[in-house]
Amino acid sequence: MFAFCTDPDTLPQWQWFACYLTSGTHLAFYWSFVVVMILLALAAPAALVMGLGGALLMRARFAPLRWLGQGYTAIVRGVPDIVFFLFVPIAVGQGIEALLHQVRCPHWDMPIWQGNDFIVCPEARVPPRGSPSWVRDLYGFSLAVLAFAVVFGAFVGNTLHGAMRAVPRAQMETAEAYGMTRGQAMRRVLLPQMWIYALPGLSNIWMILIKATPLLFLLGIQDIVYWARELGGAKTSRYTYPHPDWRVWYFLAVLVFYLAVTWASQIFFERLTRRVGRGLATAESARA
Amino acid sequence: MSRTCWESFEGYALRALGRDYAEPLLPRGLDITFCDQVVLIGSGMIWNIYHAVVAIAVGFVLATLLALGKYSRKGWLHYPCSGFIFVFRGSPLFIQFFFFYSAFVLLPREGIEINLLVTTITAETRWLTIAQVGALLVLILNTAAYSAELFYGALRAVPRGDLEAADAHGFTGVSRFRRIVWPTMLRLAWPSYTNEAIFLTHATTLVFLSAFPARQQSGDALYYARYFVDQTFNPFVAYPLVGLYFVALTLAIIGLFGLVNARLNRHLPRAQRMRFRFRPQYIR
């Protein structure tokens, strides 16, 4: 990184650290913090969409759709979601490959599941064999986002369902009295008003989502935890920057990062609650 | 030739306790039967239950003290307790496991000499790198922080009338807390505390996923489930089995805590009793 970094063995203390902390692997470590933020930025809207879908399904008048919505939220909420994080990426990955296998290799005569092996024809491999490592990383990351969306979508769906029921009945009756159709009343009255009721639950889910991000590690993605372990472990003098076991400092840094994100989110949601609550007849707005 | 169910039960029922209590080798590859999975994953539940029970029991006491500390008007009590609660609630348990494990590893293996003026005692440190001690400690601190926040909320919600009545009857200090404030606090917090107990139980699956090693391949339910998935490439048996075990455990907790709840509320008419609502949020 810096010009004076050519021979780290001879550097004085602070310059050694300056070089050490800007080495290539450390830049990858810093990048993994960005990846966490990207994951949050992608998973949160995806979970919101899944959740809204789930909540609308739970309100559907057609019973099988309603059961689908209720089943989705009930199953995901009833099982430890770590199990889901491990399960969804493998299941979806195998599902995609099996589907592509049917489409692309109709003449393949061997079964896909051979005993304990899962084998599809080479054309159906996702990502294709020989693709660069960033493609594989991106594919793994997308599956992870999907797993987060499925799990947190169920939480969000439950919260939104409750929030929709919390909107005063009179509001919907008024909308009907004005001659709005069910869909119009939903879009114009119910959906805009439910947010204030949903906000405490959603902020709670957001906090949990933040704390779920280190689980990326379990999916084999080179995330914060991976790099903290990798960089912190003791390095012998064969390495450019030898040092003893520093993992505890790396994990301390990660811990502080999460505390900072949680703290910032808390302040953000306090402000947002005040803002969304404007113009609504709640105890909070009556006090202002 | 595959094992019968009884043979897998005999062979692996206590496998989670270590190599000495069961067949030393885990079943491999095509040799794995459905019963093996049921028995071994069930055997792993021993550690889930152990971690959960001890952490909840010790954490309960610690949480009460922390809640009182945070409720206190004295700054030197309030700020450390609030800080402790924020740190453990604001960061992922997964990272806490890693952090504490890497800290425990650095401790000298022969223990730390603590000089107590009269005598020196040696604090044993080598046990801390073992999941059953080190991870348990992290779980205790973690559940203490979460429960303390619940208890703190309940403390603030104790009806003023109760306190005035206690004062009028001449209750002070410890007896006022033990006879009046504490039972009401517990009664108010119990439904959410039941949920907390459930989440903690589910969080015990993180122990062997994080830094703490499973010695002699003796791990918890999820550890064995992952082993089976690695061996068979089939996630559709082992993971749902873990799910089923946890659903059963969750129901047991709900039943047990429901009994306590009924006792805490026994003086109240049915309509005023605190009711439990299952609100799962597993990740912490």
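Residues numbered from 1 in each chain as written. Chains lettered and ligands numbered in written order. Predicted model: local features only at pLDDT ≥ 70, side-chain atom pairs only at ≥ 80, totals over all residues. Heavy atoms only, no water.

**Topic: the packing of aromatic side chains**
Residues and elements named next belong to chain B. Here is the rule: Working definition: a ring pair exists when centres of Phe, Tyr or Trp rings (six-membered ring for Trp) sit within 6.5 Å. Plane angles under 30 degrees give stacked, over 60 give edge-to-face, the rest tilted. Secondary structure counts use DSSP, requiring at least four H or I residues in a row for a helix and at least two E residues in a row for a strand, with both numbered from the N terminus. For the exposure calls, accessible area comes from a 1.4 Å probe over protein chains only, and a residue counts as buried if that area is under 20% of its type's maximum, exposed if over 50%, partly exposed in between.
All chains considered together, the criterion is met by 30 aromatic pairs over all chains. Centre to centre, the rings of phenylalanine 60 and phenylalanine 151 are 5.7 Å apart; their planes meet at 85°, and the pair counts as edge-to-face. Of this pair, phenylalanine 60 sits in helix α2 (residues 34-71) while phenylalanine 151 sits in helix α5 (residues 131-157); the two residues are 91 residues apart in sequence, bridging distant segments of the chain. Across this residue pair, the class does not change: phenylalanine 60 and phenylalanine 151 are buried.

**Points about the pattern of salt bridges**
All names here are of chain B. Worth spelling out the cut-off: For this analysis, a salt bridge means a side-chain nitrogen from Lys or Arg found within 4 Å of a carboxyl oxygen belonging to Asp or Glu.
Under the counting rule described, the total for this entry stands at four salt bridges over all chains. One salt bridge connects aspartate 167 with arginine 176, and the closest N-O pair in it is separated by 3.2 Å. A relative accessible area of 45% means that aspartate 167 is categorised as partly exposed. In this structure arginine 176 comes out as partly exposed when scored by relative accessible area, which is 25%.

**Quick look at the environment of A:Tyr30**
All names here are of chain A. Along the polypeptide, tyrosine 30 turns up in helix α2 (residues 24-58). When its relative accessible area of 34% is taken as the criterion, tyrosine 30 is described as partly exposed. With 102 residues separating them in the primary sequence, tyrosine 30 and proline 132 have C-alpha atoms 22 Å apart.

**Concerning the packing of α2(B) against helix α3 (residues 75-90) of chain B**
Residue and element names in this part refer to chain B. Selection criterion: Where helices are involved, their axes are fitted lines through C-alpha atoms of the stretch in contact, as for all axes, and angles between N-to-C directions lie from 0 to 180°. Roughly parallel here means an angle under 35 degrees, roughly antiparallel means over 145, roughly perpendicular means 65 to 115, and every remaining angle is called oblique. Put simply, a crossing is left-handed when the front helix is turned counterclockwise from the back one by less than a right angle, and right-handed when it is turned clockwise. Only heavy atoms matter for contacts: two residues are in contact if any of them lie within 4.5 Å across the pair. Following the grouping adopted for this structure description, the nonpolar residues are Ala, Val, Leu, Ile, Met, Phe, Trp, Tyr, Cys and Pro, the charged ones are Asp, Glu, Lys and Arg, and the polar ones are all others, Gly among them.
The N-to-C vectors of α2 and α3 enclose an angle of 125°; their axes lie 7 Å apart at closest approach. Looking at the two axes, α2 sits oblique to α3. Remark: the crossing between α2 and α3 carries left-handed chirality. Judged by residue contacts, Leu66, Gly69 and Lys70 of α2 engage Leu77, His78, Cys81, Ser82, Phe84 and Ile85 from α3. For the contact of α2 with α3, a count of residues per class yields five nonpolar, three polar and one charged.

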